[in-house]
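Architecture and fold: a report
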Amino acid sequence: MPAQVIDGKTIAQETRKKIAEDVQHFFALYGRAPGLAVVLAGDDPASRVYVNNKIKACEETGIASNAYMLPAAVSQAELISLIKELNLNAAVDGILVQLPLPKGLCAETVLSHISPFKDVDGFTAVNAGRLMLGSPALTACTPSGCIELIKSAGVSIAGKHAVVVGRSNIVGKPAALLLLSHNATVTVCHSKTQNLAEITRQADILIAAVGIKHFITGDMIKDGAVVIDVGINRFEGKLYGDAEFDSCFKKASFITPVPGGVGPMTIAMLLRNTLSAAQALAKERLNYAF
Ligand code: GUN
């Protein structure tokens, strides 16, 4: 039977509507909107589109956003100094540094200066570590979006064999940890994995996050698998996923499309993290005041 397509756009819209209501509630309680600072260094066109989409989503949700557009030649010291300012700015609850950074800047070093309380990407060692420990954390947006999409399909994760293809710090590793925290049995595959198809064919849930167009084909999945496609591969002006949609669609039970699957959910999760960070910081300030 052909798969049911998980409509990420609609699910993200519903999620954003709920966040917008909670933002209103936050405003009524604290007299200000949650604030997100988005930092973009350089002029990568794809990054610019992502950043603009994030800013627009904030506006639509009632979150106050500020974009800091820096030249590609910005020094690491200047970037870190901006982050330190934003850490101290009480109107800023979330800080997002768009990746990749221009050549010569070390993402790991730059990101390490973001306050873990404002780390709405969940990329700092503190939040990544808390995720590993199973403690409450700000978690990476794309993997959180994947989990929400699986749940939205009514698929229970506990006890399932989840295979994550890709081991990036942004998607693969946090996705594996989130699936584990939902009691899946998790296998992580990567570019050095031998007999990849043998492993992917065992997946009840397959997360494709390799960044290679049509890397996962229908013959690599089992009947009834849930396929979550994280890929955003641009080719001749069009977007393609990491999974070859047509052949996977014929075998999967559920599949996310590209575009319109994981992408919109990533932004919704960023808004959710910004609100969560704002709520936690506002509560902390109230405790401090009394
Ligand atoms: N570049 C690609 N994905 C992401 C993301 O989720 N967050 C940031 N900051 N940069 C990215």
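I will try to describe carefully the structure that is included in this document. (Residues numbered from 1 in each chain as written. Predicted model: local features only at pLDDT ≥ 70, side-chain atom pairs only at ≥ 80, totals over all residues. Heavy atoms only, no water.)

**Digging into the nonpolar core**
Judged by nonpolar contacts, the single largest core of 51 residues is most densely connected at Leu36, Ile150, Leu179, Ile207 and Ile228. Here this core takes eleven residues from helix α10 (residues 262–289), the largest share from any one element. Setting aside chain neighbours within four positions, we find Ile150 in contact with Val155, Ile157, Leu179, Ile205, Ile207 and Ile228. (Core = buried A, V, L, I, M, F, W, Y, C linked by side-chain atoms within 4.5 Å. Buried < 20%, exposed > 50% of the residue type's maximum accessible area, 1.4 Å probe, protein only. Helix = DSSP H or I, 4+ residues; strand = E, 2+ residues; numbered from the N terminus. Contact = heavy atoms within 4.5 Å.)

**Focus: the site of the ligand**
Near the ligand, the surroundings consist of Lys54, Leu96, Val97, Gln98, Leu99, Asp121 and Phe123. Protein contacts shield 83% of the accessible area of the ligand, which totals 280 Å² for the unbound molecule. Along the lines of polarity and charge, the residues of the shell around the ligand split into four nonpolar, one polar and two charged. (Near = heavy atom within 4 Å. Areas by Shrake-Rupley, 256 points an atom, 1.4 Å probe, with all protein chains shown as cover. Nonpolar A, V, L, I, M, F, W, Y, C, P; charged D, E, K, R; others polar.)

**Examining the sheet that holds strand β11 (residues 254–255)**
One open sheet accounts for six strands, arranged β1-β11-β8-β7-β5-β6; its pairing is parallel. With partners counted over all chains shown, the strands left at the sheet margins are β1 (4–5) and β6 (185–189), one partner each. Pairing of strand β5 (residues 161–165) with β6, which is carried by five bridges, proceeds in the parallel orientation. Paired with Ala162 across the two strands is Val186, which belongs to β6. Strand contacts of helix α7 (residues 172–181): β5, β6 and β7 (205–208), with the helix running at about 170° to β5, the strand carrying the most contacts. (Pairing = 2+ DSSP bridges. Axes fitted to C-alpha atoms, helices over the stretch in contact; angles between N-to-C directions.)

**Let's talk about the state of the cysteines**
Enumeration over the complete set of coordinates arrives at zero disulfides. Cys248 forms no disulfide, and the closest cysteine sulfur to it belongs to Cys189, at a distance of 15 Å. When its relative accessible area of 0% is taken as the criterion, Cys248 is described as buried. (Disulfide = S-S within 2.5 Å.)

**Things to note about the pattern of salt bridges**
Applying the stated criterion to the full structure yields six salt bridges. Put simply, Lys222 and Asp204 hold a salt bridge, and the shortest N to O gap is 2.8 Å. Of this pair, Lys222 sits in the loop between β7 and β8 (226–229) while Asp204 sits in the loop between α8 (196–200) and β7, placing them 18 residues apart in sequence. By relative accessible area, which is 29% here, Lys222 ends up partly exposed. Here Asp204 falls in the partly exposed class, since its relative accessible area comes to 21%. (Salt bridge = Lys/Arg side-chain N within 4 Å of Asp/Glu carboxyl O.)

**So, the pairing of strand β3 (residues 64–70)**
When a strand is regular, its side chains alternate between the sheet's two faces. Examined bridge by bridge, strand β2 (residues 35–41) and β3 share seven bridges and lie parallel to one another. Across the sheet, Gly35 pairs through a bridge with Ala64, a residue of β3.

**Brief notes about the packing of helix α6 (residues 141–152) against α7**
When two helices pack together, their arrangement is given by the angle between their axes and by how far apart the axes lie. Contact pair α6 / α7: the axes reach a minimum separation of 8 Å and the direction vectors enclose 40°. Here α6 is positioned oblique relative to α7, judged by the angle of their axes. Read as a crossing pair, α6 and α7 show a hand that is right-handed. Each of Pro143, Ser144, Ile147 and Ile150 in α6 lies in contact with α7, whose residues at this interface are Pro174, Ala175, Leu178 and Leu179. Taken together, the residues of the contact of α6 with α7 break down into seven nonpolar, one polar and no charged. (Parallel < 35°, antiparallel > 145°, perpendicular 65-115°, else oblique. Left-handed = near helix turned anticlockwise from the far one by under 90°.)

**Describing the packing of aromatic side chains**
Following the criterion strictly, the structure yields three aromatic pairs and no others. Both rings, one in Phe26 and one in Tyr30, keep their centres 4.7 Å apart while their planes meet at 45°; by these two values the pair is tilted. Of this pair, Phe26 and Tyr30 both sit in helix α1 (residues 8–30), four residues apart, roughly one helical turn. Take Tyr30: its relative accessible area is 27%, and that puts it in the partly exposed class. We note Lys213 situated over the ring of Tyr240; from NZ or CZ to the ring centre the distance is 4.5 Å. (Phe/Tyr/Trp six-rings, centres within 6.5 Å; stacked < 30°, edge-to-face > 60°. Lys NZ or Arg CZ within 6 Å of the ring centre and 35° of its normal.)

**Some details on the packing of α1 against helix α2 (residues 45–61)**
At a minimum axis distance of 9 Å, the contact between α1 and α2 shows a crossing angle of 55°. Here α2 runs oblique to α1, going by the angle between their axes. For the pair α1 and α2, the contacting residues are Arg16, Ile19, Ala20 and Val23 in the first and Ala57, Glu60 and Thr61 in the second. The class makeup of the residues in the contact of α1 with α2 is four nonpolar, one polar and two charged.

Any functional reading would require information that these geometric values do not contain.
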